[in-house]
Amino acid sequence: MLFNSYEFLFGFLPVVLLLFFLVGRRSALAAVGFLAAASLFFYGWWNPRYLLLLGGSVSFNYWVGRRLALSPVRTGGDRAMLWLGIAANLTLLGAFKYAGFFAATANALAGLSLPIPHIVLPLGISFFTFTQIAYLVDAYRKEVREYRFAHYGLFVTFFPHLLAGPVLHHAEVMPQFARPDTFRFNPEHFAVGLTIFAIGLFKKMVLADGIADFATPVFDAARNGATLTFLAAWGGALSYTFQLYFDFSGYSDMAIGLARLFGIVFPANFNSPYKASSIIDFWRRWHMTLSRFLRDYLYIPLGGGRCRPLRRHANLMATMLLGGLWHGAGWTFVIWGGLHGLYIVLNHLWRGLHKRRLTPYSLPPAPARALGQLLTFVAVVVAWVFFRAESVTAARAVLEGMAGLNGVSRADPYYFGNPELKGLLAMFLVAWGLPNVQQLLRRYRPVLETYPGDVPANSRLAWHPSAAWALLTAAMFIAAVVNLTRVSEFLYYQF
């Protein structure tokens, strides 16, 4: 079931909201159980067979986590139990997501003839796997305080985040379901949640899906071996850059808004990343809960920044390569992750050089920030080509066009004055000129801070309950619903 579908908007969501608060008036525990069951129904709508997979994963991790959390002191047996739990989760993820990739790679490199399985990837497996690995590690560290199965099951399966994140931390969400006021209808929560959800739905249905019609033909042409000229290649790359931006930003807003309807505040997952002035800043703004997970449960355990520079850079590269592979089982994703790893290493080297020797020659703050934003954006667009292309060959075809190796043609759809160019300009204006939901609704605590202090409050535009804002929210919702006839999945459902 998709957030942007008639079944969800006019069937599942209103029924579940009504019953959750009706049941919550009698019993908080029963409401938790009901919401967990509704979330399982939501997941099973796509393919009921994978309910067994999700249920087995939740039960196994709850059992391991409970044993680790209730152990009086950490022992060698606890450490073995932790590694058993992590290995089981990674094996499950690898079997479904990477078996075909590894078999194809072994066949190509070693001349083997291993069968390549064609497995339908269970929706959300990367997200609920990472969520539960983090839970096991925290249980081993004695940082877990909630041991009831109903609450743990809801923490993992809560439908707003189940399919495409954010990657939740138990300490952020589970205590909220322990508060009695969570189970009482709150008009402020409802107004804030509905506004954020409508903004996200508009981003997905009107902005992301609208610009997708410009990006897809270019990458399809590259896949089929066509020669792309300069404007066509840049037009396609930029269109996908904004398609992904508004698709994932829209999903993140919708997840945050849906959770808020139930009185739950999610962590921020998207903070205007194209405004970033460096690639380090970009990764504090893009998919924030994933970057936090990679930092806390991979980069820091590898040694983080406590090592010598060469080791630290190796840790960064390893983290980003694995982050790329997490996004998809293909060499294009590995290259995308490697590029971002290289970008981050170069960013750290530049900062060190600038601090030691170049500070007297620095530009004034405003031009320096503008130049940093431009360089960061171009670097991100180049990397997105690998993220979107269906093969390394197709990505190279797009990059050759972007480099101008195939010339410029007035017949290109992105030539000045054409609708495609106007669409791109509109995307630029929205991404850089308007506040995000954290800024717009800052008076009403729309999100938890994933990175403390990283959400600026310098927007002049601020939401408040009023007839004008209600009309604007309704207009965005109606515009999005009108476009439901061309329903498409969120891009991050693929990962």
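Residues numbered from 1 in each chain as written. Predicted model: local features only at pLDDT ≥ 70, side-chain atom pairs only at ≥ 80, totals over all residues. Heavy atoms only, no water.

J.: Teacher, can you tell me more about the overall build of the protein here?
T.: When you go through the protein residue by residue, the secondary structure sums to 20 helices and zero strands. Taken against the 2.2 N^0.38 rule, which gives 23 Å for 495 residues, the C-alpha radius of gyration of the protein at 23 Å falls within 12% of a compact globule. With respect to the three principal axes, the spread of C-alpha positions in the protein is 70 × 60 × 55 Å. By residue count, 54% of the 495 residues in the protein fall in the buried class. Carbon and sulfur atoms provide 66% of the accessible area of the protein, an area that totals close to 21800 Å². (Helix = DSSP H or I, 4+ residues; strand = E, 2+ residues; numbered from the N terminus. Rg over C-alpha atoms; globule rule 2.2 N^0.38 Å. Buried < 20%, exposed > 50% of the residue type's maximum accessible area, 1.4 Å probe, protein only. Areas by Shrake-Rupley, 256 points an atom, 1.4 Å probe, with all protein chains shown as cover.)

J.: What am I meant to see in helix 6 (residues 125–140) here?
T.: Residue pairs three or four apart in sequence face the same way in an α-helix, which turns once every 3.6 residues. For helix 6, built from 16 residues, the straight-helix expectation of 22 Å at 1.5 Å per residue is met to within 8% by its first-to-last C-alpha distance of 23 Å. Of all 16 residues in helix 6, 16 are buried; the element is thus mostly enclosed. Looking one or two residues beyond helix 6, the residue adopting positive phi is Lys142, at roughly 65°. (Expected span 1.5 Å × (residues − 1).)

J.: How should I be thinking about the packing of aromatic side chains in this particular structure?
T.: Any pair of aromatic rings gets described here by the distance separating the centres and the angle formed by the planes. Enumeration according to the criterion identifies 65 aromatic pairs in this entry. Taken together, a centroid distance of 5.9 Å and an interplanar angle of 85° make the contact between Phe242 and Tyr274 edge-to-face. In this pair, Phe242 is assigned in helix 11 (residues 230–261) and Tyr274 in the loop between helix 11 and helix 12 (279–282), connecting sequence segments 32 residues apart. Assigned by exposure class, Phe242 and Tyr274 land together as buried. Positioned above the aromatic ring of Trp326, the side-chain terminus of Lys97 is 5.2 Å from the ring centre. (Phe/Tyr/Trp six-rings, centres within 6.5 Å; stacked < 30°, edge-to-face > 60°. Lys NZ or Arg CZ within 6 Å of the ring centre and 35° of its normal.)

J.: Quick question: what am I supposed to make of a nonpolar patch on the surface here?
T.: The grouping of Leu363, Leu371, Leu374, Leu375 and Val378 at the surface amounts to a nonpolar patch, some 460 Å² of accessible area in total. Note on Val378: relative accessible area 34%, which makes it partly exposed. (Patch = residues over 30% accessible without salt bridge, like charges linked within 9 Å, V, L, I, M, F, W, Y side chains within 5 Å. Salt bridge = Lys/Arg side-chain N within 4 Å of Asp/Glu carboxyl O.)

J.: Explain the side chain of Arg260 here, please?
T.: Examined against the element boundaries, Arg260 turns out to sit in helix 11. Of the side chains with opposite charge, Glu188 comes closest to the buried, unpaired Arg260, at an N-O distance of 4.3 Å. Here His189 takes part through its side chain, which lies 2.8 Å from a polar atom of the side chain of Arg260. Not counting residues up to four positions away in its chain, the partners in contact with Arg260 are Glu188, His189, Val192, Gly193, Val265, Tyr444, Arg445 and Pro446. (Lys, Arg positive; Asp, Glu negative; His and termini not counted. Polar contact = N/O pair within 3.5 Å; in protein donor to acceptor, adjacent residues only side chain to side chain. Contact = heavy atoms within 4.5 Å.)

J.: Quick question: what am I supposed to make of the pattern of salt bridges here?
T.: Where side chains of opposite charge bring their charged atoms close, a pairing between them can arise. Across all of its chains, the model carries eleven salt bridges by this definition. A salt bridge links Lys203 to Asp253; the shortest N-O distance between them is 2.7 Å. With Lys203 in helix 10 (residues 187–223) and Asp253 in helix 11, this residue pair connects regions lying 50 residues apart in the sequence. You'll find Lys203 and Asp253 in the same group, each marked buried.

J.: What should I look at first to understand unusual backbone geometry in this one?
T.: Excluding glycine, residues mostly carry a negative phi; peptide bonds, for their part, are mostly trans. Of note, the phi angle at Lys142 is positive, near 65°, even though the residue is not glycine. Residue placement: Lys142 occurs in the loop between helix 6 and helix 7 (149–157). Residue classification places Lys142 among the partly exposed positions, given a relative accessible area of 22%. Its identity as a non-glycine residue notwithstanding, His287 has a phi of 40°, on the positive side.

J.: When you look at the environment of Val192 in this model, what are you seeing that I'm missing?
T.: Here Val192 shows up in helix 10. The spacing of Val192 and Tyr492 is 300 residues in sequence and 24 Å in space, taken between C-alpha atoms. Leave out the neighbours within four places in its chain, and Val192 touches Arg260, Leu441, Tyr444 and Trp463.

J.: Explain the environment of Gly193 to me, please; I cannot follow it from the model alone.
T.: Relative to the helices and strands, Gly193 is located in helix 10. In this structure, the C-alpha to C-alpha distance between Gly193 and Ile133, residues 60 residues apart in sequence, is 29 Å. With residues near it in sequence (within four places) discarded, Gly193 still touches Gly257, Arg260 and Leu261.

J.: Before we go on, may I ask you to explain the packing of helix 6 against helix 13 (residues 288–299) in this structure?
T.: Two measures define how a pair of helices packs: the angle their axes make with one another and the distance between the axes. Direction vectors running N to C along helix 6 and helix 13 enclose 35°, while the axes themselves pass 11 Å from each other. Note on packing geometry: the crossing formed by helix 6 with helix 13 is left-handed. When helix 6 is examined against helix 13, the residues Phe130, Ile133, Ala134, Val137 and Asp138 are found in contact with a partner set consisting of Leu290, Phe293 and Tyr297. Tallied by class, residues from the contact of helix 6 with helix 13 come to seven nonpolar, no polar and one charged. (Axes fitted to C-alpha atoms, helices over the stretch in contact; angles between N-to-C directions. Left-handed = near helix turned anticlockwise from the far one by under 90°. Nonpolar A, V, L, I, M, F, W, Y, C, P; charged D, E, K, R; others polar.)

J.: Can you help me understand the packing of helix 16 (residues 365–388) against helix 17 (residues 392–402) in this one?
T.: In contact at an axis separation of 8 Å, helix 16 and helix 17 are set at 150° when each is read in the N-to-C sense. By the angle class used here, helix 16 and helix 17 are roughly antiparallel. As helix 16 packs across helix 17, the resulting crossing turns out to be right-handed. On helix 17, the residues touching Val381, Val382, Val385 and Phe386 of helix 16 are Ala395, Val398, Leu399 and Met402. When its residues are assigned to classes, the contact of helix 16 with helix 17 shows eight nonpolar, no polar and no charged. (Parallel < 35°, antiparallel > 145°, perpendicular 65-115°, else oblique.)

J.: Can you help me understand the environment of Met317 in this one?
T.: Turning to its location among the elements, Met317 is positioned in helix 14 (residues 309–327). Those residues in contact with Met317 that sit more than four places away from it in its chain are Gly338, Gly341, Leu342 and Val345.

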